[in-house]
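If you want the building blocks of each chain, they are given just below.
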Amino acid sequence: MTEFIQIIVNGMANGALYALIALGLTLIYGVMNLSNFAQGEFAMIGAFGTYFLMQMHMNYMLAIILSFIIAGLIGFVIHILAFHPLRKSEPLNMMLSSLGVSVFLVNLSQYLFSPNPKVVSNSFSEKSIQAFGVFLSEQRILIVIVSLILCGFTYWLLERSKFGRSVRAASLDPDTATLYGIPTNRIAFLTFIFGVALTGIAGGLTAPIYNVYPTMGISLTLKAFVVVVLGGMGNIPGAIMGGFIVGLIESFSAGYISTAFQDVIVFSALFLVLIIKPEGILSKVQGEKV
Amino acid sequence: MLNINQIVSGYGDIKVLKEISLHVNEGEIVGILGANGVGKTTLLKTISNLIKTQEGTITYLGKEIQNSSPHKLLSMGIAHVPQGRHIFSKMSVIENLQISMDHANKKSNGRDRLSYVFDLFPRLKERLKQLGGTLSGGEQQMLAIARALVAGPKLILLDEPSMGLAPLVVQSMFETIQQIAKDGTTILLVEQNAVAALEIVQRLYVMDMGRTVYESQQINNQELDKIKEVYLGMSVS
Amino acid sequence: MKRFKKMFFMMVSLLSVLILLLAGCSAPKGASESDSKKDSSGPMKIGLVTQLSGGGALYGNLMKQGAQLAVDQINAKGGVDGRKLKLLAEDDQANPSESVKVTQRMVSDENIDAWIGTLKSSDTITDIGITAKKNIPSFVPVAVADNVTDSGLNNVYRNVAKNSMQITEMVNYILKEQPHKKMAIIAENTDYGRNIVKIFSEQFEKDGRKITNKELYNVGQKDFNNQLTKIKASKPDSVLIAGLVAEGALIAKQAKQLGINQQLYSFGGFMGKQPMELGGSAVNNLIHTDYFVPTAKDEKTQSFVNDFNKKYGQIPDSYYSAATYDAVYLYADAVKKAGTSDPEKVNKVLHELKDEHTVMGDITFDKNGQAATKVWISQIQDGKQVGIYHAE
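Residues numbered from 1 in each chain as written. Chains lettered and ligands numbered in written order. Predicted model: local features only at pLDDT ≥ 70, side-chain atom pairs only at ≥ 80, totals over all residues. Heavy atoms only, no water.

Let me state the cut-off plainly: UniProt positions are given in the numbering used here, feature names are shortened, and annotations may be inferred rather than shown by experiment.
In the nomenclature of an unreviewed UniProt entry, chain C is known as ABC transporter substrate-binding protein of Terrilactibacillus laevilacticus. Among the UniProt annotations of chain C, the heading Sequence similarities (unreviewed entry) holds the following wording: "Belongs to the leucine-binding protein family."

Looking up chain B in an unreviewed UniProt entry gives the name ABC transporter ATP-binding protein, with the organism given as Terrilactibacillus laevilacticus. Per its UniProt entry, chain B bears the Sequence similarities (unreviewed entry) comment "Belongs to the ABC transporter superfamily."

### A closer look at helix H4 (residues 91–113) of chain A
All names here are of chain A. Under the convention used in this document: Every helix listed is a DSSP run of H or I at least four residues long, and every strand listed is a run of E at least two residues long, numbered separately from the N terminus. Helix span, expected: 1.5 Å multiplied by one less than the number of residues in the helix. We call a residue buried when its accessible area falls under 20% of the maximum for its residue type, exposed when it is over 50%, and partly exposed in between, using a 1.4 Å probe and counting protein chains only.
In this model H4 runs 32 Å from its N-terminal to its C-terminal C-alpha over 23 residues, within 8% of the 33 Å that 1.5 Å per residue would give. Looking at H4, one finds that the buried residues are Met94, Ser97, Ser98, Val101, Ser102, Leu105, Val106 and Ser109. In the stretch just after H4, Ser114 is the one whose phi turns positive, near 70°.

### Notes on the nonpolar core
Across soluble globular proteins, you tend to see nonpolar side chains buried next to one another. The test is simple: Residues belong to a common nonpolar core when they are buried Ala, Val, Leu, Ile, Met, Phe, Trp, Tyr or Cys residues joined through side-chain atoms within 4.5 Å. By the convention used here, residues are in contact when the closest approach between their heavy atoms is within 4.5 Å.
Ranked by internal contacts, the top residues of the largest apolar core, which has 130 residues, are A:Phe83, B:Phe174 and B:Ile187. Of the residues forming this core, the biggest block, 13 residues, is contributed by helix H1 (residues 2–32) of chain A. For B:Phe174, the residues in contact, after removing those within four places along its chain, are B:Pro161, B:Ser162, B:Leu189, B:Glu191, B:Ala196, B:Ala197 and B:Ile200.

### A short note on the interface of chain B and chain A
Here is the rule: When two parts are put together, the accessible area they lose, computed with a 1.4 Å probe and summed over both, is reported as buried area. Put simply, a salt bridge is a Lys or Arg side-chain nitrogen that is within 4 Å of an Asp or Glu carboxyl oxygen. Classification used: nonpolar for Ala, Val, Leu, Ile, Met, Phe, Trp, Tyr, Cys and Pro, charged for Asp, Glu, Lys and Arg, polar for all others including Gly.
Listed per partner, the contact involves 22 residues of chain B and 21 residues of chain A. Between chain B and chain A, the buried area comes to about 2000 Å², and carbon and sulfur atoms account for 62% of it. Three residues stand out in chain B for area buried against chain A, namely B:His71, B:Phe88 and B:Lys90, and they jointly supply 29% of the buried area on that side. On the surface where chain B and chain A come into contact, there are two salt bridges. Counting only elements with at least two residues in the side of chain B that touches chain A, the list comes to strand S6 (78–81), helix H3 (93–102) and helix H6 (137–149) of chain B. Here the side of chain B that touches chain A is composed, by residue class, of 10 nonpolar, eight polar and four charged.

### A short note on unusual backbone geometry
Residues and elements named next belong to chain C. Of note, the bond from Gly117 into Thr118 is cis; its omega dihedral lies within 30 degrees of zero at -25°. The residue Thr118 is located in the loop between strand S3 (114–117) and helix H4 (121–133) in this model. A positive phi angle, close to 55°, is found at Gln93, a residue other than glycine. Of note, Gln93 is situated in the loop between strand S2 (85–91) and helix H3 (96–108). In the Ramachandran plot, Asn135 falls in the positive-phi region, its phi being about 60° despite a non-glycine side chain. Along the chain, Asn135 turns up in the loop between H4 and strand S4 (138–139). By relative accessible area, Asn135 is classed as buried at 18%.

### Structural notes on helix H6 (residues 191–205) of chain C
Residues and elements named next belong to chain C. Helix length check: H6, at 15 residues, gives a terminal C-alpha distance of 21 Å against a target of 21 Å (1.5 Å per residue), a fit within 8%. Along H6, the residues that are buried comprise Tyr192, Gly193, Ile196, Val197, Ile199, Phe200, Ser201 and Phe204. Against helix H5 (163–177), strand S6 (182–188), strand S7 (210–217) and strand S8 (238–242) lie the buried residues of H6.

### Focus: the interface of chain C and chain A
The cut-off we apply is this: N or O atoms within 3.5 Å of each other form a polar contact, as long as, within protein, one can give a hydrogen and the other can take it, and as long as residues adjacent in sequence are counted only when both atoms are side-chain atoms.
Each side of the interface is counted separately: chain C has 27 residues, and chain A has 34 residues. Here chain C meets chain A over a buried area of about 2500 Å², counting both sides, of which 45% is carbon and sulfur. Ranking the residues of chain C by area buried against chain A places C:Lys222, C:Asn226 and C:Gln257 at the top, with a combined share of 28%. Summed over the shared surface of chain C and chain A, the number is one salt bridge. For the salt bridge of A:Arg140 with C:Asp223, the shortest nitrogen-to-oxygen distance reads 2.7 Å. On inspection of chain C and its partner chain A, the count reaches 14 residue pairs in polar contact (both at pLDDT 80 or more).

Shown next as structure tokens:
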């Protein structure tokens, strides 16, 4: 029983993180039609930002908030250089450009910071809380809390605010959105920056448990794509639910089938979804594309 | 109010509009008729700046607008109801209207405009929370026009409002359009359904091959028959 | 006429390609013959191929420092039979194709007399395929995969224990010195990890002890909660990490956070300073195999540590420098005994070595060129590596 609860707790804790990264990815896809393969690299940027700010003796919480801003700023520059010029061409070109951005950012940071992992430790990273034999580290609790807050905020922003209405309209029908006063280019810009900044903060959050190194983003991108496809490309509630579902599939398949096959099972689930319901499992429940 | 002077536009090297000129006076319903593919929709998109004007000028209330950003035209008072309605299908009726009100000219009172469109289209008021995509064709057209009206425009560009609608629905739709014009909004109407359009327009242009080939000043029965026969290929019995 | 012209051009270009090819083949051959004759009076060249840029550069440079120290010491004493040694160290970026290229260039352009390399077992295997063609004595001081010395080559010498030896040593140590009877294994999902799982479980369970879990993870994975939760549920009294330090340190940390406070064991990946840097207090008390302990009370070790410290201002804390240092000495001594740098004769001497005393232990190469060197058992105690056991 303890193991069962621990497996659920593990799955939810990881799921919260996946949801946060997938959120940024799906937002960007929805508005720009861009499958951003460089998404995970912004987690890496956020993690390095947090690491260097903490080297300068900054408080951890302040550092992750700043890492949100740093990832956003770098996202701004990258959008101008790599994506804005391609906004009118085929989506494939932007996707290839994002692959280039990914390779560029990984290599640049390997050159600047060396590939060796760096350690970030804060007051949460060593401690766990336990109840009835179930353990959860304080850092993971922080991740879950921040992720839920940001998912909630993003949901509110999109569903209830004027900005969110503009974002959704621009993603549904850019031409008509333009006719009704929405500056679609600026919206794409802001969405990209917000989307990568969310991932940046996710990087800052994971730094204390996963360490910081240049290639850390690659596996996160992959996971985020699984989540986004599962939840439906461009579907915000889908990304949030999808994150938790992937986290739980992973922990249950590791716990009750085999740890060696945990990734195999996750990707099999992905293939199943692609074959049976390519629009994503959550498309019926919450049919809203960003 | 709107003066189009010798504009050329199109897609890249393909010129769809070839030095077309026309004008719309305040308070009018002006019709642009013509067969499929003569450039009527391109004309409206060029006015809205979704398609770049390559040559010529478009003057609106004395100001040249051919180079302004397309998203600024709504707040200047030009609302474009695109062909095929293009409502935001996965957003609710009220959200569709809010989008427009969010970006309308701040001077117009949103609440008044909202109750005005609900008076015109009481059906929409019953379906506020419903997703736009789940409405019937007629309701979607109502929403498309309502979305334009809540911005409090001075000029509405209407592209094929009758498309895909049943004859009875078309009739009531055109009555509403007439009402809107009476209430003080100028209308530039593009239509293929000439019979219906001719009922309500005060002046009209006939387009062919990217140019106006006929312009009427005052429409009387005699002229009507001529237009029908010569330009629109309808037999007059 | 036109057709003739075309034919003519084709013939000419074909011919020129042929000439270029022939020139390419013959020129170095001639050069190498004259070089090797001329070389018998010049310095002996030792080629070192390892990673000197990027991620593993830290370890590659440790190898280079060890080799350079040995070369300098030997030259200071007048060299070998009046001939000096010269170290040619080149970067292979830990990239297989680059490694082959560098080795090929050393063999055909530089006419090296001995070869030392690399950081990676897979690169080493392809490189020694090249040196074998000219029978160049080739030393493998760092790469430990079993199959490096499985290829039946007559010119390859590994003066460090191979992987299966460290596994056996670890099992023997636990059986002899530790009470643990129920062990869980968390292993990386590679040949390295799976091999450890197989060999370790066989030997450990022979004694009636039990392996409770065999959990696998992928290299590059960051989250091990799922594996560790499963391990925790089966209540082992100790946990073996069969992986390298990048993941191993995270495993140790996450185990503590899940309330797993059992004794941790691991292998050579936990040598040096990195485990403490990456794992902090979570790796404290972890016991692992080691190939080199700088504090060992051995004369050879102490003089090496002192000389290294004098030259580079730091204590060599892992085997990279020591084993490469030894490799240079092994070669130089063999040349001295053979009285020539002729590869045939040097190889013969190396194969006949018996208990040659080096920093890494007493070296006797078996017919595959594998030496049974010391394997230490070390423990991380308060942020320091301490050698705690060494089988006699």
